[in-house]
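A look at the structure
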Amino acid sequence: MYRYIDNKLYCEDVLLKDIAEIHGTPLYLYSSAIISKRALELKNALADIDDTLIAYSVKVNNNLNILKLMTSFSFGADIISAGELYKYLKAGGDPKKVVFAGVAKSHEEIAYALDSGILMFNAESIPEIIRINEAAAGKNIIAPVGVRINPDVEAGTHAKITTGKKGVKFGISVQNLLASAERLKNLKNINLMGIDVHIGSQILSVEPFIEAYSTVARVISEMRKAGFDIKIADLGGGFGIPYNKKDAPFDFNRYKVEAAPILKSMGTKIILEPGRFLVGESGVLLLRVEYIKEEWGKTFVITNGGMNDYIRYAMYDAYNDFLPLTLRDGFITCDIVGTVCETSDIFAAGRKIPTVKEGDFIALVDAGAYGFSMASRYNARPLAAEVLVDRGKVKLIRRRESLEYLTETDL
Ligand code: LLP
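Presented here is an overview of the structure given in this document. The numbering scheme is per chain: residues are counted from 1 as the chain's sequence reads. Given that the model is predicted, a residue must reach a pLDDT of at least 70 before its local features are reported, and side-chain atom pairs must reach 80 or more before they are shown or counted; all residues, however, enter totals for whole chains, interfaces and linings. Calculated side-chain values reflect all of the structure's heavy atoms, with hydrogen atoms and water omitted.

**Focus: the packing of helix α2 (residues 32-45) against helix α10 (residues 252-266)**
For any two helices packed against each other, the geometry is given by the interaxial angle and the distance between the axes. What counts here: A fitted line through C-alpha atoms represents every axis, and for helices the fit uses only the stretch in contact; the resulting angles, taken between N-to-C directions, go from 0 to 180 degrees. Only DSSP runs of H or I covering at least 4 residues are called helices, and only runs of E covering at least 2 are called strands; the numbering of each starts at the N terminus. Between 65 and 115 degrees an angle is taken as roughly perpendicular, under 35 as roughly parallel, over 145 as roughly antiparallel, and anywhere else as oblique. We call a crossing left-handed when the near helix sits turned anticlockwise from the far one by less than a right angle, and right-handed when that turn is clockwise. Residue contacts are defined here by distance: any two heavy atoms, one from each residue, within 4.5 Å place the two residues in contact. Classification convention: Asp, Glu, Lys, Arg as charged; Ala, Val, Leu, Ile, Met, Phe, Trp, Tyr, Cys, Pro as nonpolar; all other residues, Gly among them, as polar.
The geometry of α2 relative to α10 is characterised by a closest axis approach of 9 Å and an angle of 25 degrees between their N-to-C directions. One finds that α2 runs roughly parallel with respect to α10. The handedness of the crossing between α2 and α10 comes out as right-handed. Contacts from Leu 42, Asn 44 and Ala 45 of α2 reach α10 at Phe 252, Tyr 255 and Lys 256. Within the contact of α2 with α10, the residues separate by chemical class into 4 nonpolar, 1 polar and 1 charged.

The structure is reproduced here in structure tokens:
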């Protein structure tokens with residue numbers, strides 16, 4: 001949906017240079033057509049399973065308009081905070097399709113989720129399950145609880161986004177869960193009805209999923225033997241996208257063939273919590289080139305964006321491609337950097353891109369996931385604006401913050 005026509009970059013039929021000029025930069029822009037396409041692919045991957053729910057992972061991109069789009073596909077939500085629950089409900093989401101993960105759910109967050117009537121807590125520790133039980137007892141209700149297990153699986157992704165290996169803060173070990181079964185049975189205000197797993201993000205091969213799902217299937221059967229009526233298997237998200245066009249995309253055909261038998265054998269409702277796969281490739285971050293600086297035998301393309309707008313290179317050495325909005329002849333090899341006062345404020349190092357000059361616009365592509373949602377106001381930089389291209393229409397979905405806004409909440 002992003003393509004050059006006569007050396008000018010378009011999203012669907014929209015000329016991106018016009019949008020950059022009208023709304024200013026840094027600017028996030030998303031294509032709803034790409035999100036819809038990915039949503040269909042995911043639905044298709046689960047087509048052979050009877051009872052399924054796709055719970056969009058709200059942390060990935062939580063603009064209300066993106067959430068509304070997700071609810072229009074009948075997707076639920078995987079949330080991590082009261083704020084995400086609030087935004088999803090504001091977008092018209094159904095609380096009965098919400099699963100709530102996170103290692104540090106507070107008393108207030110548990111109460112809010114109980115009052116909202118969510119589908120299931122994904123509890124990450126025994127003390128948390130005890131806290132949920134007490135909160136539900138105080139309200140004289142039964143809380144729906146799933147247990148997030150840590151299957152000790154190598155996800156083959158960046159260490160900082162690996163969540164299903166032993167030794168990290170996420171989930172309960174299988175051993176501890178089974179050993180705690182009797183104790184959990186005595187908690188009268190919970191219905192322990194789900195097993196949950198999420199092994200990490202940006203995973204491009206099918207194997208780690210199959211390994212994790214097999215462990216979930218085993219735990220479900222053990223828990224049933226121990227007397228729990230397990231009705232839901234929540235299998236998390238993690239499906240990667242080819243940021244580097246040399247990488248093969250995630251093979252959903254293979255996934256479908258290999259995962260379906262395991263999923264069916266569980267005899268439960270199946271939930272997936274995808275995020276990046278749905279929105280990652282839909283988005284670009286439009287930047288303006290402020291300066292071209294030659295120093296140390298290198299070329300720095302200095303943009304008006306920063307790690308406050310897009311932190312993924314600084315945090316995970318993440319790879320993104322760059323496309324100038326207007327193509328010039330030739331190429332340069334450069335470091336593409338931002339304005340923030342940190343050496344780690346880089347978007348790419350030693351990268352060959354089509355020639356750019358001062359004042360040009362460039363797009364950091366595949367920026368729809370964990371881009372804006374991880375942005376901050378570091379260096380007193382107002383948050384960027386966001387635009388959605390939806391069936392040929394360009395809609396501003398978040399105003400650019402003003403300088404005045406920066407002092408709004410300081411007392
Ligand atoms: N479910 C749970 C419980 C999660 O923690 C996550 C992501 C997801 C689902 C969605 O995963 P996805 O399908 O998007 O891979 N900021 C990092 C990624 C952190 C992932 C956090 N959890 C990045 O920019 O790469």
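**Here we look at the side chain of Asn 133**
Where we set the bar: Each residue's exposure class comes from its accessible area (1.4 Å probe, protein chains only) as a fraction of the maximum for that residue type: buried when under 20%, exposed when over 50%, partly exposed otherwise.
Here Asn 133 is to be found in helix α6 (residues 126-138). Residue Asn 133 is classed as buried on the basis of its relative accessible area of 11%. Setting aside residues up to four positions removed in sequence, Asn 133 forms contacts with Leu 187, Lys 188, Asn 189 and Ile 190.

**Regarding the sheet that holds strand β2 (residues 8-11)**
The line we're drawing: Here the rule is simple: two strands pair whenever DSSP picks up at least two bridges between them.
One open sheet holds the 3 strands; their spatial order is β1-β2-β3, and the pairing between them is antiparallel. Edge positions in the open sheet fall to β1 (2-5) and β3 (14-15), since each of these has one partner strand only. Of the strand pairs in this sheet, β1 and β2 are connected by 4 bridges, and their pairing is antiparallel. Bridging from a neighbouring strand, Tyr 2 pairs with Cys 11 of β2.

**Thoughts on the pattern of salt bridges**
Rules: One side-chain nitrogen of Lys or Arg within 4 Å of one carboxyl oxygen of Asp or Glu is enough to make a salt bridge.
Under the counting rule described, the total for this entry stands at 22 salt bridges. Asp 78 is the salt-bridge partner of Lys 59, the closest N and O atoms lying 3.2 Å from each other. With a gap of 19 residues between them, Lys 59 in the loop between β5 (52-57) and α3 (64-72) and Asp 78 in strand β6 (residues 76-79) connect regions that are remote in the sequence. What makes Lys 59 partly exposed here is its relative accessible area of 29%.

**With respect to helix α5 (residues 107-116)**
Threshold: This arc is built from the directions going out from the helix axis to the C-beta atoms.
Among all positions in α5, only Glu 109, Ile 110, Ala 113, Leu 114 and Ser 116 are buried. Down the axis of α5, the buried set is contained in an arc of 165 degrees. They therefore lie on one face. Projecting away from the buried face of α5 at angles above 90 degrees are the exposed residues His 107, Glu 108 and Asp 115. Summarising the contacts, the buried residues of α5 are in contact with α4 (82-90), β7 (98-100), β8 (120-123), α6 and β9 (143-150). Downstream of α5 by a residue or two, Gly 117 has a phi angle that is positive, lying close to 75 degrees.

**Quick look at unusual backbone geometry**
For the peptide bond that leads from Thr 25 to Pro 26, omega is -5 degrees, which places it in the cis range. Located in the positive-phi region is Gln 202, a residue other than glycine, with phi close to 55 degrees. With respect to the helices and strands, Gln 202 occurs in the loop between β11 (190-196) and α9 (207-225). Positive phi outside glycine occurs at Trp 296, with the angle close to 55 degrees. Residue placement: Trp 296 occurs in the loop between β14 (283-295) and β15 (298-303).

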